[in-house]
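# Structural overview
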Amino acid sequence: MGERYRQTDNLIEAAKKAREFSYSPYSKFKVGAAVLAKSGKIYSGCNIENASYGITNCAERTAIFKAVSAGEREFTALAVIADADGPVAPCGACRQVIAEFNIGQIIMANLKGNIKIVTLEELLPFSFSASDFADA
Ligand code: THU
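Presented here is an overview of the structure given in this document. Source: prediction; values computed, not measured.

Around the ligand, the structure places Ser27, Phe29, Val31, Asn47, Glu49, Thr56, Cys58, Ala59, Glu60, Ala89, Pro90 and Cys91. In the environment of the ligand, an oxygen atom lies 2.9 Å from a nitrogen or oxygen atom belonging to the backbone of Ala59. Note that an oxygen atom of the ligand is positioned 3.2 Å from one of the backbone N or O atoms of Ala89. Here the ligand loses 79% of its free accessible area of 380 Å² to cover by the protein chains.

This is the structure in structure tokens:
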């Protein structure tokens, strides 16, 4: 088993474990995510819903915010998993956060073992970033 494959597998496993902690009494849709920092550490998270639906925090953002609040700034990959027909895709808000931290590889998965891996550029083309207001 190659190192790259092992890392992907570890990340999916971490996301799957975090999914078990999902707080989703409204949608009942459990999502888990995990990010791999360049430090080698993995940070995971789940979706956390609210009676005021709109302030729900997705699993991807929970994982990224946990990592950043622990001092991490650089990442190589993020995995997300849910019990969906196909690999689950990050929402638009999460894509923007993934782009902010330049996470190059996004691994989408489901519980059936379907996996789709894309680059950040594929996930969010024409993204808005700090460079857009550099001259402002
Ligand atoms: N959700 C995530 O956590 N990540 C995704 O990639 C898609 C959506 C959550 C938000 C909400 O708690 C539930 O899934 C249904 O939208």
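Here we take up the nonpolar core. Counting 26 residues, the largest nonpolar core has Val35, Ile64, Phe75, Leu78, Ile98, Ile103 and Ile106 as its most contacted members. Of all the elements in the fold, those that place two or more residues in this core are strand E1 (31-37), helix H2 (59-68), strand E3 (75-82), helix H3 (92-100), strand E4 (105-110) and helix H4 (120-123). For this core, the leading source of residues is H2, giving 5 residues. If near-sequence neighbours (up to four positions away) are discounted, Ile64 is found in contact with Val35, Leu78, Val97, Ile98, Phe101 and Ile103.

Under the criterion given, the structure shown has 3 aromatic pairs. Ring geometry for Phe75 versus Phe101: centroids 6.2 Å apart, planes at 85°, classification edge-to-face. Here Phe75, found in strand E3, pairs with Phe101, found in the loop between H3 and E4; they are 26 residues apart in sequence, far enough to count as distant. Given a relative accessible area of 4%, Phe75 falls into the buried group. Ring centres of Phe128 and Phe133 lie 6.0 Å apart, and the angle between their planes is 35°; on these two criteria the pair is classed as tilted. Phe133 sits in the partly exposed class, given a relative accessible area of 47%.

Thresholds applied
Residues numbered from 1 in each chain as written. Predicted model: local features only at pLDDT ≥ 70, side-chain atom pairs only at ≥ 80, totals over all residues. Heavy atoms only, no water. Near = heavy atom within 4 Å. Polar contact = N/O pair within 3.5 Å; in protein donor to acceptor, adjacent residues only side chain to side chain. Areas by Shrake-Rupley, 256 points an atom, 1.4 Å probe, with all protein chains shown as cover. Core = buried A, V, L, I, M, F, W, Y, C linked by side-chain atoms within 4.5 Å. Buried < 20%, exposed > 50% of the residue type's maximum accessible area, 1.4 Å probe, protein only. Helix = DSSP H or I, 4+ residues; strand = E, 2+ residues; numbered from the N terminus. Contact = heavy atoms within 4.5 Å. Phe/Tyr/Trp six-rings, centres within 6.5 Å; stacked < 30°, edge-to-face > 60°.

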